[in-house]
Amino acid sequence: PAWITELIEMVDGYLPAGLADQSELMDPLLCLERFAAHGELPPRPLPPFFVCAGTADPLLQDSRRLVQALAQLEVPCEAQFSDGEPHAYHALLWRRQAQQCWQATFDFLERARAQALR
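Note that the structure is predicted; figures quoted are calculated from it, not measured.

Caption draft 1: Geometry of the overall build of the protein chain. Of the regular secondary structure elements, the protein chain holds 5 helices and 2 strands. Burial status across the protein chain gives 24% buried among its 118 residues. A separation of at least 24 residues holds for 58% of the contacts in the protein chain among residues at least 6 apart in sequence. Carbon and sulfur atoms make up 60% of the accessible area of the protein chain, which amounts to about 8400 Å² in all.

Shown next, in the form of C-alpha cells:
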C-alpha cells in the first residue's frame, strides 16, 4: 500500500541509512532511560516537564516510562493522566478533560516560570 511507502520515506528522511542502529535518535526516551539506568546525568540540565496523556492513548506506556525516567534523573516532572481519553485528546477543546489538561499545563508553566525567576 502507498501508506507503507510514505512511512518508509519518512523514516529514511528522519534517520538516513547507516544510522538505523541509532535507536536513541529515533526515540529520545531510550536516551533518558539509558542515563537513568546507569545513574548518569545528561550532559546538560533538563527543564521541568509536564506530561499529559489519556488512558486510552496507545502511547500511554511511553508517557509513564518518561515520567519514571525523569524521576530517576531527579528532573522535576508533573503528569496528568485523563481517564478514557485518546491520543492528543487535549486538541479536542470542547471536551472537559481537554480543558482541564490545558489549565493544568498553564498552571505548570506559571509555576516553572516562577521557579526559574528565583
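Moving on, there is more to tell.
Caption draft 2: Geometry of the pattern of salt bridges. Throughout the structure, instances matching the rule amount to 5 salt bridges. Its salt-bridge partner being Arg113, residue Glu110 comes within 2.7 Å of it at the nearest N-O pair. Of the two residues, Glu110 and Arg113 both sit in helix H5 (residues 96-117), 3 residues apart, roughly one turn of that helix. Here Glu110 falls in the partly exposed class, since its relative accessible area comes to 42%. One network of salt bridges, in which partners are shared, links Glu33, Asp62 and Arg65.

Rules behind the numbers
Residues numbered from 1 in each chain as written. Predicted model: local features only at pLDDT ≥ 70, side-chain atom pairs only at ≥ 80, totals over all residues. Heavy atoms only, no water. Helix = DSSP H or I, 4+ residues; strand = E, 2+ residues; numbered from the N terminus. Buried < 20%, exposed > 50% of the residue type's maximum accessible area, 1.4 Å probe, protein only. Contact = heavy atoms within 4.5 Å. Areas by Shrake-Rupley, 256 points an atom, 1.4 Å probe, with all protein chains shown as cover. Salt bridge = Lys/Arg side-chain N within 4 Å of Asp/Glu carboxyl O.

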